[in-house]
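Structural overview
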Amino acid sequence: MPDFCGLELAHPIVNGSGTFDAIAARRAFGDELDAAFPFSAFVSKTITLAPREGNPPPRLWEAAGGLLNSIGLPNKGLEGYLAEDLPELARLPVPLITNVMGSTVEEVAALVEALGEREEVAAIELNVSCPNVRTGLDLGADAAELGRVLRAVRPLTATPLIVKLTPNTADVASVAAAAEEAGADAVSLINTLRGMAMQPGRAGRPWLGARTGGLSGPAVRHVALAQVAAVASRVAVPVVGMGGVTSGRDALELLHAGATLVAVGTESFRDPAAGRRISGELSELAANRPFVSEV
Amino acid sequence: MTANEPLGPYRVIAAADPAGPVPAAGQFFMLSAGERWGGGEGGRPFLPRAFSMLRREGDELRFMLEDVGPGTNRLATLEPGDGLLVVGPLGAGFTPGDTRRALLVGGGVGVPPLCCLQDELLAHRVETTALVGFRSATHAAAATLLRDPRVATDDGSIGHHGLVTELLERELDGAGGSERTVFACGPPAMLEAVRRLCVERALPAQLALESGMACGFGACFGCVVSLRAGGYVRLCVDGPVLDAHVLAEVPAH
Ligand SMILES: Cc1cc2nc3c(=O)[nH]c(=O)nc-3n(C[C@H](O)[C@H](O)[C@H](O)COP(=O)(O)OP(=O)(O)OC[C@H]3O[C@@H](n4cnc5c(N)ncnc54)[C@H](O)[C@@H]3O)c2cc1C
Ligand SMILES: Cc1cc2nc3c(=O)[nH]c(=O)nc-3n(C[C@H](O)[C@H](O)[C@H](O)COP(=O)(O)O)c2cc1C
Ligand code: FES
């Protein structure tokens, strides 16, 4: 039973933000889904202060062993989330982690403050893969900038704060260290890697409506392993590892690299019950080879 | 997989689904091969692929597909006994309500959802007319899945030489045309023409659309189409069947 920021979780497998919609899944698969919920905690997709429609389609490109997406974080905004989604998500049989993103310190502060007051929210994950409107840099690409944001919002809540690091930076371990120093209770990685696809037969024209997107799935798994290992050896706070996990063996490798929890993202698209299968495979691996439980 | 048979240039495949819920006409499933999904050119397919239910017969779900790329190719070459991952039924299907006279309009691989819809309408003694368009007479083999279809082909090798929407227009302008409800599924250009004809005549019409999908169950927000009133809906949860009147146009992708 992993202990993560004071949460007692049934197993180490959670979902990656934006890759599982528990409310839509309940509609599609019925209440049975809740009875055998695939994850030990549920991470919401990114919520922003104001509602967002997301990027123009097409938003998806299938890559070799992966997916390039330019969804653009569509969501109902904080108010819509609190009024419509939170009551539904509170009925889930597992703790709720709400993922948020703001493009200024003030926006992040407003989100953290409002969600920190809600007892249904067990932890807040900060998605810092957003360009800062003033500097144009990803909030999470620069250690000093991220430290500044976190120091401003950390005092606003006692709810655990997880910082979801961006992999699109030169030195992810330094950014993670800055997050820890500024009061993050945990870090999670990797988010998607920036990428581009071209329209077949149309020279130089990008396929995605937003031109570029983020790459996920098995194609990024080895990048995830390297970044998780680098971060876990640098910080003492727990690490949520993710990127391309499709099996218990993949999950185990991330745990061995230093992760406390493992998130499953894109694999849930092919198999909505993947989280349950992977946690089963993981405990089987641990049972068959007792030494792995030492991690 | 329990069967995989040719139908003209198409394949009709069947999957055992003894415990699954009963799907409604127009609902779809996400399919992927149990093994070696991902082994094709360029490392594809990777994501599951969406297919409308053709019919449910006993414990079997039937689908009709056309081999147009790595995903459909892999599914088309599976053999009975091979593992198939079937997720569904998904999405919102056709809602005929108290429709009295139904006009079914289809093209190519858009025929399957109209077949189960026609079964349902006939069981309720609703008068149905089926109009279907294909590239050629060999493709028109799929018309045999429907009862009393009227066929159009691009090359005139069978039936009306021209577009199925020309048959539709004639039907709508004929006696009783204005009392019909139109149910359509097919390629984007065909659906867009159907949408225009129905909007011009203020006729009720339900269109089964396609879009690129990664998950099919509302998780990824990748499948959106834009609405006339602004904003997007996820085609996999709010569709694939949408009211023609809420669309600004049928998207080309
Ligand atoms: C609700 C629904 C129901 C459907 N029902 C049926 C049905 O009953 N029968 C049937 O035959 N088909 C049906 N389809 C279509 C079917 O899902 C597609 O034909 C199938 O996904 C194609 O996959 P593929 O790998 O064979 O071809 P792809 O290579 O994926 O080619 C299909 C199209 O996808 C685009 N594309 C090409 N490369 C990529 C890439 N790398 N990433 C993203 N997009 C790309 C192009 O526009 C191309 O024309 C349905 C689709 C939907 C959404
Ligand atoms: C379609 C899609 C949408 C995503 N949306 C979000 C999001 O809203 N917020 C976020 O922090 N990460 C988002 N992610 C990133 C995932 O949570 C995860 O970090 C990434 O996909 C790597 O894991 P995977 O390879 O297992 O998918 C999204 C990924 C995908 C594929
Ligand atoms: S296909 Fe994923 S949300 Fe519709």
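Our subject is the structure that appears above.
Just so it is clear, the model here is predicted, and its values are computed rather than measured.

Quick notes on the rules
- Residues numbered from 1 in each chain as written.
- Chains lettered and ligands numbered in written order.
- Predicted model: local features only at pLDDT ≥ 70, side-chain atom pairs only at ≥ 80, totals over all residues.
- Heavy atoms only, no water.
- Helix = DSSP H or I, 4+ residues; strand = E, 2+ residues; numbered from the N terminus.
- Rg over C-alpha atoms; globule rule 2.2 N^0.38 Å.
- Buried < 20%, exposed > 50% of the residue type's maximum accessible area, 1.4 Å probe, protein only.
- Areas by Shrake-Rupley, 256 points an atom, 1.4 Å probe, with all protein chains shown as cover.
- Lys, Arg positive; Asp, Glu negative; His and termini not counted.
- Charge placed at Lys NZ, Arg CZ, Asp CG, Glu CD.
- Pairing = 2+ DSSP bridges.
- Contact = heavy atoms within 4.5 Å.
- Axes fitted to C-alpha atoms, helices over the stretch in contact; angles between N-to-C directions.
- Buried area = accessible area lost by both parts, 1.4 Å probe.
- Salt bridge = Lys/Arg side-chain N within 4 Å of Asp/Glu carboxyl O.
- Polar contact = N/O pair within 3.5 Å; in protein donor to acceptor, adjacent residues only side chain to side chain.
- Nonpolar A, V, L, I, M, F, W, Y, C, P; charged D, E, K, R; others polar.

1. So, the overall build of chain A
Counting its secondary structure elements, chain A contains ten helices and 14 strands. Taking 19 Å as the expected radius of gyration for a compact globule of 295 residues, we find that chain A reaches 18 Å, a close match to that expectation. With the principal axes as the frame, chain A shows a C-alpha extent of 50 × 50 × 40 Å. Counting all 295 residues of chain A, 58% fall into the buried class. Here chain A has roughly 11700 Å² of accessible surface; of this, 53% comes from carbon and sulfur atoms. Each charge class in chain A was averaged separately, 24 positive and 33 negative side chains, and the resulting centres sit 8 Å apart.

2. A look at the sheet that holds strand β12 (residues 181–185) of chain B
Residue and element names in this part refer to chain B. Across the sheet, seven strands lie side by side as β11-β10-β9-β8-β12-β13-β16; this open sheet has mixed pairing. Each of the sheet's edge strands pairs with one partner strand only, and the pair in question is β11 (160–161) and β16 (241–243). In the sheet, strand β9 (residues 127–134) pairs with strand β10 (residues 149–153) via five bridges, with the strands oriented parallel. Each residue of the ladder has a partner; that of G133, found in β10, is A152. Set on the sheet, helix α2 (residues 111–123) makes contact with β8 (101–107), β9 and β12; between it and β8 the angle comes to about 160°. Contacts from helix α4 (residues 188–200) reach β8, β12 and β13 (205–208), with the element oriented near 165° to β12.

3. Here's the deal with the interface of chain B and chain A
Taken together, the 30 residues of chain B in the interface contact 35 residues of chain A. Of the roughly 2500 Å² buried between chain B and chain A on both sides combined, carbon and sulfur atoms contribute 66%. In this structure, R49(B) engages E62(A) in a salt bridge whose closest nitrogen and oxygen atoms are separated by 2.8 Å. Connecting chain B to chain A are six residue pairs in polar contact (both at pLDDT 80 or more). Listed by contribution, the elements that provide at least two residues to the side of chain B that touches chain A are β7 (84–90) and β15 (232–234) of chain B. Counting residues per element, the side of chain B that touches chain A draws most heavily on β7(B), which supplies four residues. Tallied by class, residues from the side of chain B that touches chain A come to 19 nonpolar, eight polar and three charged.

Structural measurements only, silent on function.
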